[in-house]
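# An overview of the molecular structure
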Amino acid sequence: MKEQLKTQKVESDRQIHAVADLAEIIWKEHFTPIIGERQVAYMVDKFQSYPALTEQIQNGYEYYQFFDKGEFCGYCGIHPEDGRLFLSKLYIKKDCRGRHLATQAFDFLKDICREREYSAIWLTCNKHNDNSLAVYRHLGFETIDTQEADIGGGFVMDDYIMEYRMEI
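How each quantity is defined
- Residues numbered from 1 in each chain as written.
- Predicted model: local features only at pLDDT ≥ 70, side-chain atom pairs only at ≥ 80, totals over all residues.
- Heavy atoms only, no water.
- Helix = DSSP H or I, 4+ residues; strand = E, 2+ residues; numbered from the N terminus.
- Buried < 20%, exposed > 50% of the residue type's maximum accessible area, 1.4 Å probe, protein only.
- Axes fitted to C-alpha atoms, helices over the stretch in contact; angles between N-to-C directions.
- Contact = heavy atoms within 4.5 Å.
- Nonpolar A, V, L, I, M, F, W, Y, C, P; charged D, E, K, R; others polar.
- Pairing = 2+ DSSP bridges.
- Arc of directions from axis to C-beta.

Although it is not a glycine, Lys-69 adopts a positive phi angle of roughly 55°. Turning to its location among the elements, Lys-69 is positioned in the loop between strand 2 (62-68) and strand 3 (71-81). Given the relative accessible area of 62%, Lys-69 is considered exposed. A positive phi angle is found at Glu-117, which is not glycine, with a value near 60°. Exposure remark for Glu-117: the relative accessible area of 70% places this residue in the exposed category.

What follows is the structure in structure tokens.
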């Protein structure tokens, strides 16, 4: 029998630091080829650093760590918005990919939606992030719009807006 992905809500400073440390590793390896080193450094500092994560949690975001066979292998950040769940972040370490952990994490998120009676899960994904886009489409997300967002520092996020409608 396969071991189930373990989730743990991020509540302590130690956990926030662990998420921020993992975020920096994942972002540098995964996003540098897509958006470049300068934008990765800027976005990690602005959205994935310990101060940024702490502020997001204080403003109603929830973070969860994912563990597979006892190893901290990824995390997600979520926020309720207008009866839907905004999936702000979902990241799995490179050496942990291919274990269907994203599918298990998605099942965890769908359970949250059912418990809280949210109608959908939505997210933004870089238009050139082909591997992640393929995973989201495989999970049942559909592209519902596009957006170009100025995030400061001379950088823009060029994303698809994707949504997974919960079955009622």
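Bringing the packing of helix 2 (residues 37-48) against helix 3 (residues 50-58) into the picture now. The N-to-C vectors of helix 2 and helix 3 enclose an angle of 35°; their axes lie 5 Å apart at closest approach. Note on element contacts: helix 3 touches helix 2 through Tyr-50, Ala-52, Leu-53 and Gln-56, opposite Asp-45, Lys-46, Phe-47 and Gln-48. Counted by class, the contact of helix 2 with helix 3 contains four nonpolar, two polar and two charged residues.

Quick look at the pairing of strand 3 now. Within strand 3, eight of the eleven residues are buried, which leaves it mostly tucked inside the rest of the structure. Direction of pairing for strand 2 relative to strand 3: antiparallel, over a ladder of seven bridges. Bridge pairing links Tyr-63 to Gly-77 in strand 3. Here strand 2 folds back onto strand 3 in antiparallel fashion, the turn holding two residues, of which Lys-69 has a positive phi close to 55°. What sits between strand 3 and strand 4 (residues 84-92) in their antiparallel hairpin is a turn of two residues, with Asp-82 showing a positive phi close to 55°.

Below, the discussion takes up helix 5 (residues 130-139). Looking at helix 5, one finds that the buried residues are Leu-133, Tyr-136 and Leu-139. Each buried residue of helix 5 sits inside an arc of 125° when the element is viewed along its axis, so together they form one side. Among the exposed residues of helix 5, those pointing more than 90 degrees away from its buried face are Asp-130, Asn-131 and His-138. Those residues of helix 5 that are buried are in contact with strand 4, helix 4 (101-116), strand 5 (120-126) and strand 7 (155-165). Remark: Gly-140 follows helix 5 within two positions and exhibits a positive phi of approximately 110°.

These figures capture arrangement, not role.
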